[in-house]
Amino acid sequence: MANILNIETSTSVCSVALTSEGQVLEHYENYEGQTHATLLSKFIQDVLKYARTREMKLDAVAVSIGPGSYTGLRIGLSEAKGLAFGLGIPLIGVNTLQLLTVTTMFNHFIDDDEALYVPMIDARRMEVYTGVYNNALEPVVEPHAKIIDETAFADLLESHHMIFMGNGSDKVQKVINHPNAEFLPGIKPEALHMLALAEKAFREKHFIDVAYSTPLYLKEFQATRKKKKVF
């Protein structure tokens, strides 16, 4: 198995983890938000120090590539690229929506093999980044940006038990009212849960380009201007 340094910065959580042989060896998280630029480098250095003291050689760097926060994704991918390039090791991109789905599967007992998983990341107002996955992590609905109203996922909800999670699902719960909809609170994308997806990508040699890879934004970035004060 590979020794992988995992970086997750797609939401307000800043986290780094070192994984090896199916185990999480060391991990750091901060949930306060707006700390990625100041804490990420320190978390990475602490994990690298842990690896050096145990004479562990990193085999790859894995990073969440989105969807998620524009700023967070840029910071995480930039750090991951620099580390992978400097060490001469492969770079793995982990889809944030798949990460939320896997985290749910591994940490919650869902007694329904036909259930569909709907990870959601807040995209402001009533819009979310989302997709729909089956029990084999195959996309039933590809990742996309979606504006939520009471008709969202109506067709699928008629025939499937659907499990909603992620920070975008909180506002959706107020809109979608269906007996087949289940909402699991508190599920966040974190580096320590990247283990399965990162190791699978490493085994299959599914790497992303260290120089030219970009985050999965799903929609174009729109900068907001500050309003001028009127005196």
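From a predicted model like this one, the values you see are computed outputs, not experimental measurements. (Residues numbered from 1 in each chain as written. Predicted model: local features only at pLDDT ≥ 70, side-chain atom pairs only at ≥ 80, totals over all residues. Heavy atoms only, no water.)

Colleague: Would you explain the nonpolar core in this entry?
Modeller: For soluble globular proteins, nonpolar side chains are generally found buried alongside one another. Ranked by size, the top nonpolar core spans 29 residues in total, and within it I4, A62, I92, V94 and I163 carry the most contacts. Counting residues per element, the ones that place at least two in this core are β4 (60-66), β5 (91-95), α3 (96-107), β6 (116-122), β7 (127-133), β9 (162-165) and α6 (195-203). Residue contributions to this core peak at four residues, all from α3. One finds I7, L39, A80 and L91 within the second-largest nonpolar core, a separate group that totals 23 residues. (Core = buried A, V, L, I, M, F, W, Y, C linked by side-chain atoms within 4.5 Å. Buried < 20%, exposed > 50% of the residue type's maximum accessible area, 1.4 Å probe, protein only. Helix = DSSP H or I, 4+ residues; strand = E, 2+ residues; numbered from the N terminus.)

Colleague: Would you mind showing me how to read the side chain of S20 here?
Modeller: In this structure, S20 sits in strand β2 (residues 14-20). When near neighbours in sequence (up to four residues on either side) are disregarded, S20 contacts A2, N3, L25, M56 and E199. (Contact = heavy atoms within 4.5 Å.)

Colleague: Explain the confidence of the model for the protein here, please?
Modeller: Close inspection of predicted coordinates is inappropriate in any region flagged by low pLDDT. Within the protein, residue pLDDT values average 93, and 95% of them lie at 70 or more. Low pLDDT (under 50) marks residues 222-231, which in the prediction has one contact with non-local residues, meaning those over four places away or in another chain. (pLDDT = per-residue confidence, 0-100.)

Colleague: Mind showing me how you'd approach the sheet that holds β2 here?
Modeller: The pairing of strands in a sheet happens through backbone hydrogen bonds and is either parallel or antiparallel. Taking strand neighbours across the sheet as the criterion, the five strands line up as β3-β2-β1-β4-β5 in an open arrangement whose pairing is mixed. One side of each edge strand has no neighbouring strand; the edge strands of this open sheet are β3 (23-30) and β5. Neighbour-to-neighbour, the strand axes of the sheet open up by a mean angle of 20 degrees, direction not taken into account. Looking at chain direction, strand β1 (residues 3-8) and β4 are connected through four bridges and run parallel. Bridge pairing links N6 to A62 in β4. Packed on one face of the sheet, helix α1 (residues 36-53) meets β1, β2 and β3 and runs near 20 degrees to β2. Along the sheet, helix α2 (residues 70-87) contacts β1, β4 and β5; its crossing angle with β4, the most-contacted strand, is approximately 160 degrees. (Pairing = 2+ DSSP bridges. Axes fitted to C-alpha atoms, helices over the stretch in contact; angles between N-to-C directions.)

Colleague: Which parts of the structure should I look at to understand the packing of α1 against α2?
Modeller: Helix-helix packing is characterised by the crossing angle of the two axes and by the distance between the axes. Relative to each other, α1 and α2 sit at 30 degrees, their axes nearing to 10 Å. Handedness of the crossing formed by α1 with α2: right-handed. Every residue of α2 that contacts α1 at H36, A37, L40, S41, I44 and L48 is listed here: G72, I75, G76, E79 and L83. Residue classes in the contact of α1 with α2 are distributed as six nonpolar, four polar and one charged. (Left-handed = near helix turned anticlockwise from the far one by under 90°. Nonpolar A, V, L, I, M, F, W, Y, C, P; charged D, E, K, R; others polar.)

Colleague: So what exactly am I meant to see when it comes to α1 here?
Modeller: Residues separated by three or four positions in an α-helix point in the same direction, a consequence of the helix having 3.6 residues per turn. Taking 1.5 Å per residue, 18 residues should reach 26 Å; α1 reaches 25 Å between its end C-alpha atoms and fits that length. Those residues of α1 lying buried are H36, L39, L40, F43, I44, V47, L48, Y50 and A51. Tucked into the core, α1 has its buried residues touching β1, β2, β3 and α2. (Expected span 1.5 Å × (residues − 1).)

Colleague: Sorry if this is basic, but what is going on with the sheet that holds β6 here?
Modeller: What the five strands build is an open sheet, ordered β8-β7-β6-β9-β10; its pairing is mixed. Of all strands in the sheet, those with a lone pairing partner are β8 (139-147) and β10 (181-184), marking the two edges. Pairwise comparison of adjacent strand axes, ignoring direction, gives a mean angle of 20 degrees for this sheet. With four bridges connecting them, β9 and β10 associate as parallel partners. Within β10, the position partnered with F164 by the bridge is F183. Where α3 meets the sheet, its contacts fall on β6, β7, β8, β9 and β10, and the angle it forms with β6 comes to roughly 125 degrees.

Colleague: In this structure, what is going on with unusual backbone geometry? I would like to understand it.
Modeller: Glycine aside, a negative phi is what most residues show, and trans is what most peptide bonds show. Omega for the bond connecting G66 with P67 falls within 30 degrees of zero, at 5 degrees, which places this linkage in the cis form. You can see P67 is positioned in the loop between β4 and α2. Located in the positive-phi region is R124, a residue other than glycine, with phi close to 80 degrees. Inspection of the secondary structure puts R124 in the loop between β6 and β7. For F153, which is not a glycine, the phi torsion comes out positive at approximately 60 degrees. The residue F153 is located in the loop between β8 and α4 (154-159) in this model. Of the residues examined, F153 reaches a relative accessible area of 9% and is grouped as buried.

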